[in-house]
Amino acid sequence: MLTSMITQIKQLLKQKNAVLVAHYYVSGDLQTLAEETGGIVSDSLEMARFGRNCVADTIIVAGVKFMGETAKILSPEKTVLVLDDKATCSLDEDCPIAEFSAFCDQHADRTVVVYANTSAEVKARADWVVTSGSALSVVKHLHQQGEKILWAPDKHLGNYVNNETGADMLLWQGSCVVHERFKADALIALQKQHPKAATLVHPESPQAVVELATVVGSTTALINAVKNREEQTFIVATDNGIFHKMHEVAPHKKLIEAPTMGTGADCESCAHCEWMAMNTLEKLLETLNNPQNEIKIDKNIAQQAQYSIQKLLDFTEK
Ligand code: 13P
Ligand code: SF4
């Protein structure tokens, strides 16, 4: 049954000259399929870059809405489909364009830097778009130019970047519902049980958790840490969809989920984004047979948003 579904998906991808672009948080079967069929599994920055550079007619995004929108903004001539149009992100939801735009107007002297986890409209209002893998270097650069920053929407990532760069940053107060649940007190207890383990933390986590990290970084940076570091055990504070790739790159290393439930919790599958989980093989097959969740963006919005995303791609290619 599963094999027949995968065979059908592979045939349809070829037939429609479509490519599957997946995030590390979606299910392992989708990640494997993306790689086996000439697509990619990666962090949000490389998903955007791959979509822009690929020659397919159709990009199918296994991730959340903002990832589909970014792909469409960078490749307006391609058809971009998502597997479920309700798969959103709390950061995107927490930053509605009308309020955000008013906030920008009130602080017109500041350079507007927004995280990729935002709507096309918010990106269009921004001077720069960044991802977790690029936020530090972009803000450092802007700080060196003497610019004051208005940051949105993730307060935890903003706070981390602020602490690291010393830039003058005014923060929007959004958060990721998945990373916000990691608990510092329970993490300290877990670290005591595994004194030789390295702790890997995504910077969408609260400051108290970030302060306990051996490595803070994007999904790609955390996977590279598991692959390249000498430790044999890792405590991982990010969505547990990432374990699929981590196990693949370092099959003999031990991976432990960071706790989300307070001291004493022995957490299995706690940190998983409900919107990423909406991506399934069944929906991929359905999308290929009946392409209904196409991303459409107003032309003017898309052009303005493209300008700020392109700046990021150029900056990170330097
Ligand atoms: P990355 O850019 O690190 O993949 O993060 C995207 C995301 O949504 C994390 O929650
Ligand atoms: Fe958004 Fe958090 Fe889900 Fe990432 S894990 S898509 S930031 S809600």
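Reading the values: rules and limits
- Residues numbered from 1 in each chain as written.
- Chains lettered and ligands numbered in written order.
- Predicted model: local features only at pLDDT ≥ 70, side-chain atom pairs only at ≥ 80, totals over all residues.
- Heavy atoms only, no water.
- UniProt positions renumbered as here; feature names shortened; annotations may be inferred.
- Helix = DSSP H or I, 4+ residues; strand = E, 2+ residues; numbered from the N terminus.
- Polar contact = N/O pair within 3.5 Å; in protein donor to acceptor, adjacent residues only side chain to side chain.
- Contact = heavy atoms within 4.5 Å.
- Buried < 20%, exposed > 50% of the residue type's maximum accessible area, 1.4 Å probe, protein only.
- Lys, Arg positive; Asp, Glu negative; His and termini not counted.
- Salt bridge = Lys/Arg side-chain N within 4 Å of Asp/Glu carboxyl O.
- Core = buried A, V, L, I, M, F, W, Y, C linked by side-chain atoms within 4.5 Å.
- Axes fitted to C-alpha atoms, helices over the stretch in contact; angles between N-to-C directions.
- Parallel < 35°, antiparallel > 145°, perpendicular 65-115°, else oblique.
- Left-handed = near helix turned anticlockwise from the far one by under 90°.
- Nonpolar A, V, L, I, M, F, W, Y, C, P; charged D, E, K, R; others polar.

As recorded in an unreviewed UniProt entry, the protein chain goes by the name Quinolinate synthase, listed as coming from Bathymodiolus thermophilus thioautotrophic gill symbiont. Per UniProt, the protein chain carries the Pathway (unreviewed entry) text "Cofactor biosynthesis; NAD(+) biosynthesis; quinolinate from iminoaspartate: step 1/1." UniProt, in the comment section headed Cofactor (unreviewed entry), describes the protein chain in these words: "[4Fe-4S] cluster".

A few words on the side chain of Lys 253. Of note, Lys 253 is situated in the loop between helix H13 (243–249) and strand E12 (254–257). A distance of 2.8 Å separates a polar atom in the side chain of Lys 253 from the backbone oxygen of Val 226. A polar atom in the side chain of Lys 253 sits 2.7 Å from the backbone oxygen of Arg 229. Not counting residues within four places of it along the chain, the set of residues in contact with Lys 253 comprises Val 226, Lys 227, Arg 229, Glu 231, Gln 232 and Phe 234.

With that settled, the discussion passes to the side chain of Asp 43. Within the secondary structure, Asp 43 is located in the loop between strand E2 (40–42) and helix H3 (44–53). Arg 49 provides the closest opposite charge to the buried, salt-bridge-free Asp 43, at an N-O distance of 7.7 Å. Residue contacts for Asp 43: discarding those within four places in its chain leaves His 23, Tyr 24, Ser 218, Thr 219 and Thr 220.

Turning to H3, its buried residues number three or more, namely Ser 44, Leu 45, Met 47, Ala 48, Arg 49 and Gly 51. Where the residues of H3 are buried, they touch strand E1 (18–23), E2, strand E3 (58–62), helix H4 (65–74) and helix H15 (299–317).

Phe 100 and Trp 151 are the most contacted members of the largest nonpolar core, which totals 112 residues. Beyond its immediate sequence surroundings of up to four residues, Trp 151 is in contact with Val 113, Tyr 115, Val 130, Ala 135, Val 139, Leu 157, Gly 158, Met 169, Leu 170, Leu 171 and Trp 172.

Right, let's get into unusual backbone geometry. Omega for the peptide link from Ala 152 to Pro 153 comes to -10°, which places this bond in the cis form. The residue Pro 153 is located in the loop between strand E7 (149–152) and helix H9 (155–165) in this model. Its identity as a non-glycine residue notwithstanding, Asn 17 has a phi of 45°, on the positive side. Summarising the element assignment, Asn 17 is placed in the loop between helix H1 (2–15) and E1. With a relative accessible area of 35%, Asn 17 lands in the partly exposed category.

Among the structural elements, Asp 127 can be located in the loop between helix H7 (120–125) and strand E6 (128–130). Here Asp 127 falls in the partly exposed class, since its relative accessible area comes to 31%. Once residues within four sequence positions are removed from consideration, Asp 127 is found in contact with Arg 110, Thr 111, Val 112, Ser 308 and Lys 311. Of the polar contacts made by the side chain of Asp 127, one reaches the backbone nitrogen of Val 112; its length is 2.6 Å.

The subject of this paragraph is the packing of helix H8 (residues 135–144) against H9. For the pair H8 and H9, the least separation of the axes is 10 Å and the interaxial angle reads 50°. As judged from the angle between their axes, H8 and H9 are oblique. The handedness of the crossing between H8 and H9 comes out as right-handed. On the side of H8, the interface is formed by Ala 135, Leu 136, Val 139, Lys 140 and His 143, while H9 contributes Tyr 160, Val 161, Glu 164 and Thr 165. Along the lines of polarity and charge, the residues of the contact of H8 with H9 split into five nonpolar, two polar and two charged.

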